[in-house]
Structures are given as structure tokens and as C-alpha cells.
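Chain residues, written in single-letter form:
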Amino acid sequence: MNSKVKGFLQVLLVIVLIAAFGYVAYAGIGKAHRGSAKNIRLGLDLQGGVSVTYQAKGDTPSEQDMKDTIYKMQRRVEDFSTEAAVYQEGSNRITIDIPGVSNSKEILAKLGSAGNLQFVLYEKVKDKDGNANPSEGKEVTFDEKDVEIDGKMIKEATATRRTSETGTSENVVELKFNGKGTKKFATLTSEHVGEQFAIIYDNKLISYPLIREAIEGGECEISGGFQEFSEAEELASTLRIGALPVELENIHDNVVGATLGSEALKSSLIAGVIGFILVMLFMIIMYRIPGVAASIALIFYVGAELLILNGLNVTLTLPGIAGIILSIGMAVDANCIIFTRIREELATGKTVSSSIKNGFSKALSAIIDGNITTLIAAFVLYLKGSGTVKGFATTLAIGIILSMFTAIVVTRLLLNAFAALGVTDTKFYGVQKERETINFMGNWKKYVGISGAVVVICVVGLIFNASRGSVLNYSLDFVGGTSTSISLDEGTEITDQMKEDALNVVKEASGLTGEVSTSDDKGVKKITVRTTALTEEQDGNVRAQMAAKFGVAEEKIESETISASVSDEMKTDAIIATLIAAVCMLIYIWIRFRKFATGASAVFALVHDIIVVFTVYVVASSIIPVGSTFIACMLTIVGYSINDTIVVFDRIRENRKKASARTELADIINKSITETLSRSINTSITTFIMVFVLALIGVSSVRQFAIPLIVGIISGCYSSICIAAPLWYLLSNKGQNKSNAVSYSKKNKK
């Protein structure tokens, strides 16, 4: 086939795929419009969803029991959405917010009633009429003293399909007990082999499996009675809910409005489109024909990203959008690495086709290492995190894998196609000019001074804030507060003005600013304002003025004390996940670069960037609160910073192999940083553009997220250039002695 024809067909293929992605993203497929961007599930903060409130039965449970219950419920509801939030209200209530759904009855049916789970020998159970051998689904009676095991002893229950030795498939429920349950279950099964256990949920018999043998490991299977897999899932769900430390009952469920609102979503989308266009223009101006190829590949990336988010039913929230922004930045980063390599090859006199081939080959290791380290972080965050952490990890992982594909496959296909079509003049690609090596190593003490000054500012800011009452400005997500709700007459349409009026009333009556949301509780519409904890006097003022403003009886004004939606367990999960991710990245970098100092330096640079961003929250505490987006921002920096550092280390590794034994290590490092400098700056600029437009156009809640992220992007570029490599030099034990370092510094000043 003629090379020009082949090149034309390659370009046509990519354009057709983009057009197909665009059509599906806009219109969807079939009557259900599957794949349409409008069908992407949005989180509570962007779209709203279902809120279910449970209340503990009996006496007020202990604080520890409530915490344990919240944590287990959080894990449970993540089956519906990774962005689901579970938090405490008052002393004995738990609320579950599940985004991306609107049918509360359907959710309740799947979630099940969080009741009381008990295990009793089947022979000791009778139906409500006193008859023996009751059937499944029947209400039963038994003596409480005959309860052998309760839900508190169950650790985990999972529905699965098991393939027997004969090749047949069977639906089973795998059950695991905690330490106490393991001992109790081992004793009971050894004493009652051949008998049946009745599993009772809220006095209703749900199953009575046969004890075939003594079970001592704390793990067993329930099998034989599940014709459909859904039946096994239903039992497993019941067992998980029944394992809660506190017995709960559903008291109300409702559909809630978005906390960020449609305006936040609309402004974020507009900012994303503007930022994306600016990034494409920047790439075309900086890299010419390769920039055109990268822009087309990025359009391909966005279309594919929308389809994947839709296909996997990913729930998209603000932290999830952060993951997408980060992955777009990394997609551009891969292109910048490749294009810089192509220009370097052209500078040696090679042809365009040969330079494209060599450029991709030499850039591959840096791209793979950088993306794998970030994937490691995403994987650990998904496994160990919860709530928004899980959502962030999901979108980040999808974006990284997709961005690697578009950079390595789609961009390469387009560049080869352009070359085949005759676009082979080097002026369309640019030739790397000879760059004067910058003496980064000679200035490492200055960099330490700059970073040290940031740490000092952070510490001073913390002390100053502490003297004023709180080290950080925690939002309601972190500290909880008071929820004040007004029930409106049937048929009333809630307007933006009404929500603003509610906020103003609360501010006038209490002197506190709040967050407003709306809900529909079984047809009764409500406006809810959340503030920090109100005193009894403030609460009375708010209720009275709210009733007067909206012309309703004060009895229709409800107020409750609510706990933080970002639970202690969620914070702990995020911290532990980040630490594990850092250790895993350190090990990977250590293996790939064969030096522990390399991994340690990269992780230290990452910690440096986290401290810099944290300092923003400390210094600007009056305008940037620490809320749920704080976790997302920190996680974004973790993913971004490490990738930038890897590129610098990859070039150092390459140049060391080419250098002679007499070449000083400081020379190699300075040369490597200088060669990757334009890539580091250009990548930071493209990511900066995306986030800056978000900060410029977005609503205040989005801006509070974007501003620290901008600082993190700048810090990530700085630490990769000025912190990571010099630190590696000092830790490597292969640096020069003091006299050599001084003479080297003087030599470069001439």
C-alpha cells in the first residue's frame, strides 16, 4: 500500500473513532441513550441522591459502638457507590448519603433493613403459632438464652460462585467470623454436626443450613439453597448488615439536592472546556505538528474517558473531577517527553521518520515508570481508602491507563501518518537548540533555604491559628455542627432566592455562615442549612426568625446536631493509604533505579509538596476551609509530584550510562535537569491552565479546591528540579568531596 494512502487512512481512522465517541457521548445508543455523557452518575455534591437515616434501637449506644457501626456501614454502602458517605446525627442516629440514585425505595430494598441477626439451633425455633420446623421467610419465636451467635461475631459475608470438581457451578455465601465468633462457632459446629442452624433476622427465618462438619478456622460456606445468584447476594447482604454493633431501624429516607449545585457543575464544565482548548493551543504553538497530533489524541482521550466512566457506572464528584484533571495533565506530560526526544533526535541530523521512532523509544521508560508509580498510588488508595478517596482513585486509574494509550499509540499513529503524508520538513517539528547547562547543584543550599522558609511559615501559621482557637479552618464536613430544616407546604417550588433567604436568616440570627441544600422527603420538600454547632439561644433565634421569614409554624422548623460526614475512620484510611502508597512507590523506584536513595529522594520531594499545599490551608485559613476536598487535593498532589520527579531521574540514569568514568556526578545531574527543564515547565503550564481556569470561573466551593492545587502544581515542578535530584546526590554517597564541589561551583560561575 502506498505510504501516503496508508497515512491518510490512519488519520481517517482516528477521526472516525473520535466522531463515534463524540456521537455516543452526545446522543448515546438506543432508546436508553447508553453511553451518553448525560447518563454519567454524579455524586451528591454535584447532583444529589438518596439520604437514609437510621436510629439505634433501645438504649443510647456507646460512642465506640456508633463509630464501629458507621465504619461498617461505610464499607457496606460502597457496593452502591464509592462516593457514598455515612455519618452520625445526634447520639443515636446514622445517616447514609448515596449519590447517583433517585429512588429511595429501590435503595432501601437493596440495602435491607439494618436489624438484629441471631443464630439459633433450628430444633429450638418455632413459628409464631408454636409449630416446629418453620419454613424460610416465616416469623419465628425462640428463647433468647438459646442464641448461640449474633451479628457482632460476623466479620464478613460475600456471595460468590464456586465451581465443583465436576465442573458444575454453584452459588454460595462465604462467611467469616471475628476472633470471638471463630471460637464459638468451632465449639458449636463440633458439638452439633448433622444438625441445622437457624439464621434469624428481626425474628424472621432467612436460612437454616446443615452443619456438615466441625469448622475451626472461622470461615465457612452456606450452599445448596440458592437457585439464583441474587438469592446468595441477598443473604450475604443481610449477614453484613446484621453484623453491625448497633441494632438499627429506618426512620426516614429522602431524595436530597446537590450541595454544590448545578451552578458548580455548569461552571466546572465550562472551565474544563476553556482550559482544554487553551491546552491544545499551547501544545500546537509550542510543538507545531506534534502539538496538533497531541491535541487530536487528547480529544480522543476525552471521548474515550466519557464512555468508560459511563460503562463502569463510576460516580463522579468533585474529587473525581480532580482525578480526571490530573490524568489529562499526565497525558500531556507523556507527549511533552516524546516531543522533546524527537527534537533532540532531529538536532543530530536524523530524518523525521527516524526521529519519531527513536523519540518514542527513548521516552518510553520515563512514561511507563512515571505512570506506574502513580498507578500504584491509585491502586493502594482504592483498596485502603473509602468514600471520596475511592472515587478519586478510580477516576485517576482510568485516566492514567487511558492517557498512556493515547500518548503511546494514538499520538504515534498520527505522527507516523503525518510523516507518510509528506510533512517531513523539520521546521514543522522544531529542532532542539543547544542549551547551556544550569548549575542546579551549586545552588542546592538556596533551595533548602526556600523550602525551609515554607516550613517555618507553616509552623508559625499553625501556632498563630491555634492562639485564635483552631489550627485550621475545618468545614462542616470535618467538624459537624447543627442542621436546621424548614418543611414547606405541598406544591411549593424551591427557588435559588429561597435558599439564599434561608442562609441570610441563619446568619442574622446566629452570626454564623452556613451551607444550604434541599431535599424531598416522601413529597415533603425541605430547605436545610448546616452551620457549626449552635448554642441553645442561637438555635431558638434561628427557629423563630426562619418561621417568620417563610410564614410557617415554628413546629415545622427542625434542628439536629450532626457529626462530621468525613469520619475519623475515613481520615485514618486516607492517611494510611497515602503512607502505604508512598512506601510502595519508594520500593518500585528503588527496584527500577537500583538505588534506595533514588526512591527516598522522590518520596521526600512528594512530602515536601504536601507540606507546601498544607501551608496554603494554614495561611489562607480564613478563605480556604479544610473540608472533603482537602483530602482530594492532597491526593492529587501525591499523584502529580511523583510523576514529574521520575522523568528527571530517568534522564539522569540515561546520561550516567553514556558518561565516562571521569565525568562528575554533579555534571550529569545538572545536564539532566537542564535537558528535562522545558518538559517540566511545559507540563506544569498545561496542568496549571486547566486548574487556573477552574479557579477563575468556578464557584467558591470549587475555587477553594483549585487554589491549593495550583500551588501544588508549581511546587511539584520546583521540587522535581530543585529538591529531588540534589537530595539524591547528597544521599547517594557517590558525590564529590567538599573541595571538588566548591571548585565545580566556581568553574561554572566563570
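Residues numbered from 1 in each chain as written. Predicted model: local features only at pLDDT ≥ 70, side-chain atom pairs only at ≥ 80, totals over all residues. Heavy atoms only, no water.

Enquirer: Describe the overall build of the protein, and please don't skip the residues or the numbers.
Expert: Counting its regular elements, the protein contains 20 helices and 17 strands. Here the protein, with 750 residues, has 54% of them falling under the buried criterion. Residue pairs at least 24 apart in sequence account for 78% of intrachain contacts in the protein once pairs closer than 6 positions are excluded. Total accessible area computed for the protein in this model is approximately 33900 Å², and 57% of it derives from carbon and sulfur atoms. (Helix = DSSP H or I, 4+ residues; strand = E, 2+ residues; numbered from the N terminus. Buried < 20%, exposed > 50% of the residue type's maximum accessible area, 1.4 Å probe, protein only. Contact = heavy atoms within 4.5 Å. Areas by Shrake-Rupley, 256 points an atom, 1.4 Å probe, with all protein chains shown as cover.)

Enquirer: Explain the sheet that holds strand E7 (residues 149-150) to me, and be specific about the residues and the numbers.
Expert: With antiparallel pairing, four strands are arranged side by side in an open sheet as E7-E4-E10-E11. In this open sheet, the two strands that pair with only one neighbour each are E7 and strand E11 (204-207). Pairing between strand E4 (residues 117-121) and strand E10 (residues 197-201): five bridges, direction antiparallel. Pairing of Gln118 across the sheet is with Ile200, part of E10. (Pairing = 2+ DSSP bridges.)

Enquirer: Which residues make up the packing of aromatic side chains, and what values do they have?
Expert: The full count for this structure, using the stated rule, is twelve aromatic pairs. Both rings, one in Phe119 and one in Phe197, keep their centres 6.0 Å apart while their planes meet at 80°; by these two values the pair is edge-to-face. Pair noted here: Phe119 is in strand E4 and Phe197 is in strand E10, with a separation of 78 residues, a long-range link. We note that Phe119, like Phe197, is buried. Geometrically, the ring pair formed by Tyr287 and Phe339 is tilted, given 5.3 Å between the ring centres and 55° between the ring planes. Here Tyr287 is found in helix H6 (residues 261-287), whereas its partner Phe339 is found in helix H8 (residues 318-347), with 52 residues between them in sequence. The same class applies to Tyr287 as to Phe339, namely buried. Taken together, Phe119, Phe177, Phe185 and Phe197 form an aromatic cluster joined through their ring pairs. If you follow Arg161 out to its NZ or CZ, it ends over the ring of Phe229, 4.2 Å from the centre. (Phe/Tyr/Trp six-rings, centres within 6.5 Å; stacked < 30°, edge-to-face > 60°. Lys NZ or Arg CZ within 6 Å of the ring centre and 35° of its normal.)

Enquirer: Explain the nonpolar core to me, using residue names and the numbers behind them.
Expert: Among the nonpolar cores identified, the biggest contains 91 residues, and Met283, Leu415 and Tyr617 are the most heavily contacted of them. Broken down by element, this core gets its largest block of residues, 14 residues, from helix H10 (residues 388-420). Beyond its immediate sequence surroundings of up to four residues, Met283 is in contact with Arg288, Gly291, Ala294, Ser295, Val332, Asn335, Cys336, Phe339 and Thr686. Membership of the second largest hydrophobic core comes to 35 residues, among which are Phe649, Leu665, Ile669 and Cys717. (Core = buried A, V, L, I, M, F, W, Y, C linked by side-chain atoms within 4.5 Å.)

Enquirer: A description of the sheet that holds strand E9 (residues 169-177) should follow, citing residues and the corresponding values.
Expert: The three strands are arranged E8-E9-E12 in an open sheet whose pairing can be described as antiparallel. The strands lining the two open edges of the sheet, one partner per strand, are strand E8 (154-163) and strand E12 (219-223). Ignoring which end each strand starts from, the neighbouring axes of this sheet average 25° apart. Across five bridges, the pairing between E9 and E12 is antiparallel. Bridge pairing in E12 places Leu175 opposite Cys220. (Axes fitted to C-alpha atoms, helices over the stretch in contact; angles between N-to-C directions.)

Enquirer: Describe the environment of Ser732, listing the residues and the values that go with them.
Expert: For Ser732, the location among the structural elements is in the loop between helix H19 (700-731) and helix H20 (738-749). Sequence separation of Ser732 and Phe596 is 136 residues, and the distance between their C-alpha atoms is 8.5 Å.

Enquirer: Outline unusual backbone geometry, supporting the account with residue identities and numerical values.
Expert: Of note in the backbone geometry, Asn133 takes a positive phi value of approximately 55° without being a glycine. Relative to the assigned elements, Asn133 resides in the loop between strand E5 (126-127) and strand E6 (140-141). Using a relative accessible area of 61% as the deciding quantity, one classes Asn133 as exposed. Unusually for a residue other than glycine, Arg288 sits at a positive phi of about 60°. Topologically, Arg288 is positioned in the loop between H6 and helix H7 (289-311). Judged by its relative accessible area of 38%, Arg288 falls in the partly exposed class.

Enquirer: Kindly report on the confidence of the model for the protein, identifying the contributing residues and their values.
Expert: With 84% of its residues at a pLDDT of 70 or more, the protein has an overall mean of 80. Note that residues 734-750 has pLDDT below 50 and, in this model, 18 contacts with residues that lie over four places away or in other chains. (pLDDT = per-residue confidence, 0-100.)

Enquirer: Provide a residue-level description of the packing of helix H11 (residues 444-467) against helix H16 (residues 596-619), including the pertinent values.
Expert: Their axes nearest at 9 Å, the elements H11 and H16 cross at an angle of 35°. As H11 packs across H16, the resulting crossing turns out to be left-handed. On the side of H11, the interface is formed by Ser451, Val454, Val455, Ile457, Cys458, Gly461, Leu462 and Asn465, while H16 contributes His608, Ile611, Val612, Phe614, Thr615, Val618 and Val619. Partitioned by chemical class, the residues of the contact of H11 with H16 number ten nonpolar, five polar and no charged. (Left-handed = near helix turned anticlockwise from the far one by under 90°. Nonpolar A, V, L, I, M, F, W, Y, C, P; charged D, E, K, R; others polar.)

Enquirer: Lay out empty space enclosed by the protein with the relevant residues and their values.
Expert: For the coordinates displayed, the defined rule picks out two cavities of 30 Å³ or more. Here the largest cavity is characterised by a volume of approximately 80 Å³. Forming the boundary of the largest cavity are Ile337, Thr340, Arg341, Lys362, Ala366, Val647, Asp650, Arg651, Thr676 and Arg679. Going through the elements one at a time, H8, helix H9 (352-384), helix H17 (628-658) and helix H18 (665-697) are the ones with two or more residues in the lining of the largest cavity. Class assignment for the residues of the lining of the largest cavity results in three nonpolar, two polar and five charged. (1 Å grid on protein atoms, 1.4 Å probe; cavity = no way out; pocket = protein on both sides within 12 Å on 5 of 7 lines; lining within 4 Å. Points joined across faces, edges and corners; volume = space filled by probe spheres on them.)

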